Structure formats: structure tokens, C-alpha cells
Amino acid sequence: MKTLVIGTGGREHALALALSRDPGITEVHAAPGNPGIAAVATLHDVDPMDGAAVADLGARLGVDLVVVGPEAPLVAGVADAVTERGIACFGPSRAAARLEGSKAFSKEVMAAAGVPTAASRVCSTAAEVEQALDAFGPPYVVKDDALAAGKGVVVTTDRAEALEHAASCDRVVVEEFLDGPEVSIFAVCDGTTARALPPAQDFKRIFDGGRGANTGGMGAYSPLPWTPADLAERVLATVVQPTLDEMVRRGTPFVGVLYVGLALTAAGPRVIEFNCRFGDPDSQPVLALLTSPLGELLRAAADGDLGVVPAPTFADGAAVTVVMASAGYPESSSKGDVIVGTETLAKERDVEVIHAGTSRTDAGLVTAGGRVLAVCATGADVADARAKAYEGVATISFPGAQWRRDIAAVPLGVVEGASLTEETT
Ligand code: AMP
Ligand code: GLY
């Protein structure tokens, strides 16, 4: 089977690696890809937002499956263009991707499906926002309704800050604060059926102890030894299946990864958000542990045949990924800083360097984004995987590199300290 992965980041590198390990996959292509992906796939220069161009490339290469990684092309309808060309596509249609593309829409679907989530109100005027803030009380949670590349949510005890954020958006969702550790569950869906992968935890703040600004994620690990063994299955039954059923009822079945961001509150698991794709970096440790063929799983999902392939299997032990970010992240990022050490690490067993924002120039490998790369290691348990990941980080360097020292550190599963520092953005 020939596959084409669309995207440029760490998620796409992790997907390309897992596909290249699948004995049923003969060719892995990626567009546009990155220097890390180039080691396991043939790269093609295509605008990932251009559905017709992606479909043309898939047809020209004769691929059997296109995997669209990021949310922006999915929300823009790239999967629709690929399936209309008669090529199997893993990733939701434009209509189904609204589960991530509009917070108000996802809340509406959750309400209709009876999915446990934070109580919320959609607000378009300052007066509505004031009333909603009064109704829920502090800490205040204000979310931009539109896709905002991880910058749309403000969680704060400062009412003025909450109002200011609402004023900077067209339409916002104001919601109840959910108190509890966050976990990510990825459900592979074929429209009617779903398979849950083991849970992962993402570390979202820039600094140790959960301090500082929100980022796209500074590290992650999987599985989560402190959660109930049946958590993923419970979430499948109480969240994913009702959501799939509701999307079918609306005539827009969801095919792809339903990424369930959960808070484990005292009252039970509550959905914080839905995304319509694998998380990054949180899917890296999950994919690193996968032992069954990824291509077969994603192709079955694209074809509506998940029920006929075996459930995915995972190695015993654990995986930990630690992100190295460039100077200035997350407010800005530094480009062109020379990265050394990745070649040595590429030869290590059980350790992968996952590229996210790198570029190959005359000067060698350089930084080209905020989150530059991640070191993802597997091990006998979380502590072993963590030690290997940090040994890997120690061999890589670039000017201004920043990384957290407490990814997957004991105690595991604590609420990320400052979910409400004043610098929350
Ligand atoms: P989102 O973009 O919806 O994932 O939100 C970004 C981050 O804001 C989440 O990962 C949580 O840490 C936090 N957050 C979002 N909604 C809530 C909520 N209702 N209660 C507490 N924290 C939240
Ligand atoms: N790690 C968070 C995300 O992928 O949205």
C-alpha cells in the first residue's frame, strides 16, 4: 500500500515513522514534509491547504491512502477534495471537522449527544459575556469560537482579562472551569465505529511546574499508570460513540481521529475540547508504542471498515517525548539557529528525533519554528523512557534551546500547577 501524509510538523513525522514501520506499506510520501520526514518518506512540494493540488498529487503518485495531519486543511475541506477524486482519505470532511473548527458547534453536538462537558454559553456581545461570567464565576474560561492555533483560550481569575479576550474575538464560548488533570484520548473513527488508543498526557505550559504561557505542548507521555485501566473504553462509550452517532444523524459522519481532551474532575471525566486530528506532541508516545500496522488501521477507518480489522496493539512499557523549542517561544520563535547532535541520536535504539520546525540549509540543519524537535523514547516504564528521552535531549543543542525538565516526572498526573496564572493566554 502506498501512502501520502499531508503536513509539516511533529505529528506528521510521527505518523510517517509509524507508517514506515508497517510491513504492509511499500511507499511513504509526504507533502510538504520536513527534513526529519525526508529520512523515511519522499517529499513533494504541495500547498497542504490546496485540496485540488493534494488530490492531484495523490492521483499522480497512485497512492492508496492520504492521511491529512493538521486541522487547518481538514477544516478547509482538503479531505473532501481527496475523496471526491476517488482516493481513500484518513481525516474528516469539512463538515465533520467543524467539531474542531467551531467551539460553538462542538458544544452543540456534545449537548445533543449527551456528552459530559463543561456547561457553556455562546456569546456575541459584551453584555452576554458579562452575564455568562457572572453565571459561572471565577476562574473564568473564555474561548474564541474560531480556530486560533492554540491561542484562543483564556483561563483566568482576572475578570478584566476575560472581558478583554472576549472583546478581541467575534464570538466566544464562555464556560465553567473544569478542575482536574488533563488527558488526551485519540479515537480512530470510521464514521460509525471507533477504536480508542491508550491515553496520553500533554504538558502545555512553557515552564516547569506548569507555569508561564500556554504552548502547543512541551512534552507528553503514554500510557498513564495513574488513570483507571478502562478509561479509554469508558470514554469510547460515553463520549466518542454518542458523538459519532450524532454526526451520522446530522448527515456528516466523522472519519479520522477524534481527539478528546478531557479533564478528570471529581465528578468524572468531562470533555474540555474536541480536535479532529492527532495531537502533537501527545500522539508521539502513543504512535511510538503501536505494534500493529498503522496503514491497515487508517485505511480501514477511511473505508468504513474498522470493525473488520483487528484492534490496534501496543508495546508493554511506556514512551516519553520531550520538546525542544527555539528562543522566544511561545511569543515568537527564532529561525536559522544551527542544530547539532541529531545525527548521533538517529542511531540509538528506542529513541527517535521527531522534527517539527527544522529546515535544511547550507549551514546544515537549522531551527525554523517555535517547537523545533522532540526526542521521543520508549522504555520498560515511564521512568526508563523518561531517562532515555532526556539523555537524548542532552546530546542535541542549538542556541537558545528551551525545554522543560519535568516532563513525565514524579508525581505523575497532578493538575498542571498554574492553570490560572495571570500570564495565561
Ligand atoms: P482548548 O484550546 O480548548 O484545548 O483549551 C486550551 C487549554 O485551556 C486546555 O488545555 C485547558 O488547559 C484549558 N481549558 C480549556 N477549557 C477549560 C475549562 N473549561 N476548564 C479548565 N481549563 C480549561
Ligand atoms: N497537544 C495539543 C494539540 O495537539 O492540540
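Residues numbered from 1 in each chain as written. Chains lettered and ligands numbered in written order. Predicted model: local features only at pLDDT ≥ 70, side-chain atom pairs only at ≥ 80, totals over all residues. Heavy atoms only, no water.

## What to know about the overall build of the chain
In terms of regular secondary structure, the chain is built from 13 helices and 22 strands. Whereas a compact globule of 425 residues would reach a radius of gyration of roughly 22 Å, the chain reaches 20 Å, a difference of no more than 12%. By its C-alpha atoms, the chain is 55 × 45 × 40 Å across when sized along the principal axes. Every one of the 425 residues in the chain was classed for burial, and the buried ones make up 57%. Approximately 16,100 Å² of the chain is accessible, and the part contributed by carbon and sulfur atoms is 52%. When the 33 basic and 54 acidic side-chain charges of the chain are each reduced to a single mean position, those positions are 1 Å apart. (Helix = DSSP H or I, 4+ residues; strand = E, 2+ residues; numbered from the N terminus. Rg over C-alpha atoms; globule rule 2.2 N^0.38 Å. Buried < 20%, exposed > 50% of the residue type's maximum accessible area, 1.4 Å probe, protein only. Areas by Shrake-Rupley, 256 points an atom, 1.4 Å probe, with all protein chains shown as cover. Lys, Arg positive; Asp, Glu negative; His and termini not counted. Charge placed at Lys NZ, Arg CZ, Asp CG, Glu CD.)

## Side note on the site of ligand 1
Every one of the 13 residues lining ligand 1 counts as a neighbour, but Glu-175, Leu-178, Glu-182, Lys-204 and Glu-273 are closest to it. Within the contact set of ligand 1, a nitrogen atom lies 3.1 Å away from a side-chain nitrogen or oxygen of Lys-143. Taking Lys-204, its side chain carries an N or O atom lying 2.9 Å from an oxygen atom of ligand 1. Only β7 (140-144), β8 (153-156) and β17 (268-275) provide two or more residues apiece to the shell around ligand 1. (Near = heavy atom within 4 Å. Polar contact = N/O pair within 3.5 Å; in protein donor to acceptor, adjacent residues only side chain to side chain.)

## Section: the nonpolar core
Judged by nonpolar contacts, the single largest core of 71 residues is most densely connected at Val-66, Val-240, Phe-254, Val-260 and Val-320. Of the residues forming this core, the biggest block, eight residues, is contributed by helix α9 (residues 231-249). Aside from chain neighbours lying at most four places away, what touches Val-260 is Val-183, Ser-184, Ile-185, Val-235, Val-239, Val-240, Val-271, Glu-273 and Phe-274. Membership of the second largest hydrophobic core comes to 37 residues, among which are Leu-197, Ala-301, Val-323 and Cys-376. (Core = buried A, V, L, I, M, F, W, Y, C linked by side-chain atoms within 4.5 Å. Contact = heavy atoms within 4.5 Å.)

## Concerning the environment of His-29
As for its position among the elements, His-29 is in strand β2 (residues 27-32). In the structure, His-29 is positioned 226 residues away from Val-255 in sequence and 21 Å away in space, judged by C-alpha atoms. If we skip the residues at most four places from it in the chain, His-29 touches Thr-3, Leu-4, Val-5, Ala-41, Thr-42, His-44, Leu-61 and Val-63.

## A word on the packing of helix α7 (residues 126-136) against helix α8 (residues 159-167)
Closest axis-to-axis distance for the α7/α8 pair is 10 Å, and the angle between their directions is 140°. When the interaxial angle is binned, α7 and α8 end up oblique. The two elements α7 and α8 cross, and the hand of that crossing is right-handed. Where α7 approaches α8, its residues Val-129, Glu-130, Leu-133 and Asp-134 are matched on the opposing element by Arg-159, Ala-162, Leu-163 and Ala-166. Across the contact of α7 with α8, the residue classes break down as five nonpolar, no polar and three charged. (Axes fitted to C-alpha atoms, helices over the stretch in contact; angles between N-to-C directions. Parallel < 35°, antiparallel > 145°, perpendicular 65-115°, else oblique. Left-handed = near helix turned anticlockwise from the far one by under 90°. Nonpolar A, V, L, I, M, F, W, Y, C, P; charged D, E, K, R; others polar.)

## Comments concerning the packing of aromatic side chains
For the coordinates displayed, the defined rule picks out three aromatic pairs. A ring pair is formed by Phe-186 and Tyr-259, whose centres lie 4.9 Å apart and whose planes are at 80°; its orientation type is edge-to-face. Taken as a pair, Phe-186 in strand β10 (residues 182-191) and Tyr-259 in strand β16 (residues 254-265) lie far apart in primary sequence, 73 residues in all. Accessibility classification places Phe-186 together with Tyr-259 in one group, the buried group. Ring geometry for Phe-203 against Tyr-221: centres 6.0 Å apart, planes inclined by 40°, an arrangement best described as tilted. Taken together, the residues span a long stretch of sequence, with Phe-203 in the loop between β12 (201-202) and β13 (205-207) and Tyr-221 in strand β15 (residues 219-222) at a distance of 18 residues. Just as Phe-203 is buried, Tyr-221 falls in that class too. Every member of this aromatic cluster is reached through a ring pair, and the members are Phe-186, Tyr-259 and Phe-278. (Phe/Tyr/Trp six-rings, centres within 6.5 Å; stacked < 30°, edge-to-face > 60°.)

## Some points on the sheet that holds strand β19 (residues 351-355)
The strand order across the open sheet built from five strands is β12-β15-β18-β22-β19, with neighbouring strands paired in antiparallel fashion. Every interior strand has two partners, whereas the edge strands, β12 and β19, have only one. Of the pairings in the sheet, the one linking β19 to strand β22 (residues 371-379) comprises five bridges and is antiparallel in character. Looking at β22, one finds that His-355 is bridged to Leu-373. (Pairing = 2+ DSSP bridges.)

## Quick look at the pattern of salt bridges
As enumerated under the stated definition, the model contains 22 salt bridges in all. The partner of Lys-143 in a salt bridge is Glu-175, and the shortest N-O contact between them spans 3.2 Å. Placement of the pair is Lys-143 in strand β7 and Glu-175 in strand β9 (residues 172-175), with a sequence separation of 32 residues. In this structure, Lys-143 and Glu-175 share a single accessibility class: buried. Of the charged contacts, one joins Arg-249 and Glu-246 as a salt bridge, the two residues approaching to 2.9 Å between their closest N and O atoms. With Arg-249 and Glu-246 both in helix α9 and three residues apart, the pair spans about one turn of that helix. For Glu-246, a relative accessible area of 6% gives the class buried. Overlapping salt bridges, with partners in common, bring together Glu-108, Glu-246, Arg-249 and Arg-250 in one network. (Salt bridge = Lys/Arg side-chain N within 4 Å of Asp/Glu carboxyl O.)

## Things to note about helix α11 (residues 294-303)
All buried positions along α11 are accounted for by Leu-294, Gly-295, Leu-297, Leu-298, Ala-300 and Ala-301. Buried positions along α11 lie against α1 (10-20), β4 (65-68), β5 (89-90), β10, β16 and α10 (283-289). The first or second residue beyond α11 is Gly-304, which carries a positive phi of 75°.

## Digging into the side chain of Thr-215
Turning to its location among the elements, Thr-215 is positioned in the loop between β14 (211-214) and β15. One polar contact links the side chain of Thr-215 to the main-chain carbonyl oxygen of Lys-204, over a distance of 2.7 Å. Polar side-chain contacts of Thr-215 include one of 2.8 Å to the backbone nitrogen of Gly-217. Contact partners of Thr-215, with chain neighbours within four places excluded, come to Phe-203, Lys-204, Arg-205, Ile-206, Tyr-329 and Pro-330.

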